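The residues making up each chain are set out below.
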Amino acid sequence: MKALLGAAALCAFAAMGAHAETSVKILRPESNSPGLKQFFTDVIAEYEAAHPDVNVEIEYFASEAYKTKLPTMLQSEARPDLIYSWAGLTLSDQVKAGLVQDISASLEPDYLKTFTPASLSAFSEGNAVYGLPMEARLVVFFANQSLTDKAGVDLAGIKTWDDFLGAVGKLKEAGITPLVAGGKDKWPLHFYYSYLALREGGPEGIRAAMSGDGDGFQSPTFIGAGERFKQLIDLDPFQPGVLSTAQEQSNTMFAENKAAFMLMGDWAYTQTIGVEQGKLLDGSLRILPFPALSDSKADQAATLGGVNGYAVTTGAPPEAVDFLKFLVNAEHQREGARRALFVPVLQGTGEAIEVPFTKEINAMLEASPSHQIFLDQFLGAQVGGTINDISTDMVSGDVTPQDAAERIQEAWDFR
Amino acid sequence: MAAVNTHAETSSAIDKPRRKAINGRLAATLVLLPPALVLFTLFVIYPLLGSGIYAFYDWNGYGTPTDFVGFANFERMANHSVFQQSALNSLKVIAVSLLVQLPLALLLALLIYRRTPENTAFRLVFFLPYILAEIAAGLIWSFIMDGNFGVVADITRALGIEPYFLTSDRSWAFTAVLVVIVWKYFGFHMMIYIAALQGVPKDMIEAARIEGASRLGVIRHVQIPMIKPAIVVSVFFSVIGALQVFDVVIPLTNGGPANSSHTIVTYLYTFGLARLKIGYGSAIGVTLFITAVLVAVFYQRLFMRKPA
């Protein structure tokens, strides 16, 4: 018996010895992109080769499950060291709860200076830095020029919202579905509402609503956005069955020439239209920035999209920060850009982009005076969910612009 | 006194083996109960008490709940139009289960309960939907009902009419969910009835026949009364199951369009968990739990008591 126990203890000790290396655990939502997964595999292999005593593990969760399980995971023993983050209020909540750590002490000022200011500010508050951004995302109108030409729509002539509404009308007349969207997932429709709010009030208008200035979310910024959106909805622009179409389905429909426009994040190109699917639509695919509102005082060049990266959790070993710096170094930013997986956030690394589509997205981001994070992430899960809901309900005709703004305010108060 | 003594003496003589038995039972209880009790406490009682407490807080799941809000979560829930719709939808599921699903299951069970090779084949076919995972069933039906690619699309195309999107239509989306629920679960209840029908003594049916009972008469006056316990159990399962419908809805409609096809549980998930309003979600969960317990207790009292 004693011998057996001794052997067991020895085994346990040996096992501990084998695992004496530090492990860095990364948790991120599942990606549809095999290219992105390969990118991670490559970077991790490279890091582990240079640091034999560090073991980097990456785990993928389904997107919704990732968001709902994260609070529990962060407060458990199984806490990951690096977590994927869309920044915004969700990150602030994690900071407030003390679940992510300030890593500014381990970051050289020279390194921080290489980030684009908008991307770094998403992951910092004052001088504190809670993680590093890795990729910039941009929401644009994907346009199918072969269809717009057929309807006699001049893409270059679409500058304002009214121009855009006119184009939608022309497409309807020509019997072409103007817009395709994945309304079953709701968030693709929130791009319209959020972009219109950004055009109405600018980033200042959104921040004013958050701090409760004036009428809060019932301000002209949001009610105006609803009214503009309703102008579009009244034209019945979407594909039939828009509310039961999943987001992936709508991407595919667009790639199959089923509609002239799609308002979507640039990742759709990598994943379902371009790079990884054999360059569908090449030759007829065009990008259109979201049109301007001619009578708005806000800066009409602001962009909507994401700044995504990784936050460092409390208690994570220094190796986690070290790996994160390695992941977001200039070389890997260039590599990701070269593979057209994302638009990088380190200044200058965008030059490495070879794919014309991604190049154009990068140029638009570089020219953007302010980059607003997706409202459904920026305003946190509760308010974000409500924005997705009201955007969908407006399309189904169940909500007026006033009610929509009221519901957002209510959700904000109940945050 | 003497009488008592003699009684004590005799009883002690008889009690010896019994006491042994009692000791044995006590030992068995002491050995076998704790694991079950610990697991039950850990995975049922503890979370239950937890959500009972969280329900009174406004809490996003981070840190410990500190913002005590009393009954605000419950008030909010009662006044939320989407919750009212979800509760109504759950009632619809109960109604359709009882009025459509169970009669259908009974009818089919009566047709195929006899042991013949053909009946075995039919039983398998009818039972198949129940074996299928809920998520898969929901996805399959969402493809069937899709107006662009699905069976519905083929039908509308063949008839030369405009494509129709069942799950995009506020007034029909939940009906689609109900159809799938009936399709998915009738096989289970059918199996319960088949097992019960096979247990009805053949001579009783023959006797009824000889007495001149018609086929319907036999069903009404012999078979259904004989399988009443099975019916009582299947009604119970179907009501409790109806309150818990979740995984068929998510892939089929995801609660949409415009949050019109939520059940109480998908509402809980969407507005409680997915939005990180853990306190609110707990309040919904507690309400659902109390409802289910009340249903269970009253139902058992009313229908599942052994005949006196």
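Residues numbered from 1 in each chain as written. Chains lettered and ligands numbered in written order. Predicted model: local features only at pLDDT ≥ 70, side-chain atom pairs only at ≥ 80, totals over all residues.

**Remarks on the overall build of chain B**
Part 1: Counting its regular elements, chain B contains 13 helices and 2 strands.
Part 2: A globule of 308 residues ought to have a C-alpha radius of gyration of about 19 Å, yet chain B, at 27 Å, is considerably larger.
Part 3: Taken across its 308 residues, chain B has 32% of its residues classed as buried.
Part 4: Looking at chain B alone, contacts between residues at least 24 apart form 67% of all its contacts between residues at least 6 apart. (Helix = DSSP H or I, 4+ residues; strand = E, 2+ residues; numbered from the N terminus. Rg over C-alpha atoms; globule rule 2.2 N^0.38 Å. Buried ≥ 20, exposed ≤ 12 C-beta atoms within 10 Å, placed from the backbone. Contact = placed C-beta atoms within 7 Å.)

**Section: the UniProt feature "domain: ABC transmembrane type-1" (unreviewed entry) in chain B**
Part 1: Per the UniProt annotation, the sites labelled "domain: ABC transmembrane type-1" (unreviewed entry) are residues 87–299 of chain B.
Part 2: For residues 87–299 of chain B, the end-to-end C-alpha separation is 20 Å, with 77% helix and 0% strand making up the annotated structure. (UniProt positions renumbered as here; feature names shortened; annotations may be inferred.)

**A closer look at unusual backbone geometry**
Part 1: Here G256 of chain B and P257 of chain B are connected by a cis peptide whose omega angle stands at -10 degrees.
Part 2: Although it is not a glycine, N257 of chain A sits at a positive phi angle of roughly 65 degrees.
Part 3: Its place among the elements puts N257 of chain A in the loop between helix 11 (247–255) and strand 7 (261–265).
Part 4: Residue class for N257 of chain A comes out partly exposed when judged on the 15 C-beta atoms lying within 10 Å of it.
Part 5: Here A258 of chain B, not a glycine, exhibits a phi torsion of approximately 50 degrees, which is positive.
Part 6: Mapped onto the elements, A258 of chain B comes out in the loop between helix 11 (249–252) and helix 12 (264–273).

**A short note on the pairing of strand 6 (residues 131–144) of chain A**
Residues and elements named next belong to chain A.
Part 1: The buried count for strand 6 comes to 14 of 14 residues, which makes it a mostly enclosed element.
Part 2: Sheet analysis places strand 6 next to strand 9 (residues 303–312), joined by 7 bridges and oriented antiparallel. Paired with R137 across the bridge in strand 9 is G306.
Part 3: In this structure, strand 6 lies alongside strand 7, joined through 5 bridges in antiparallel fashion. (Pairing = 2+ DSSP bridges.)

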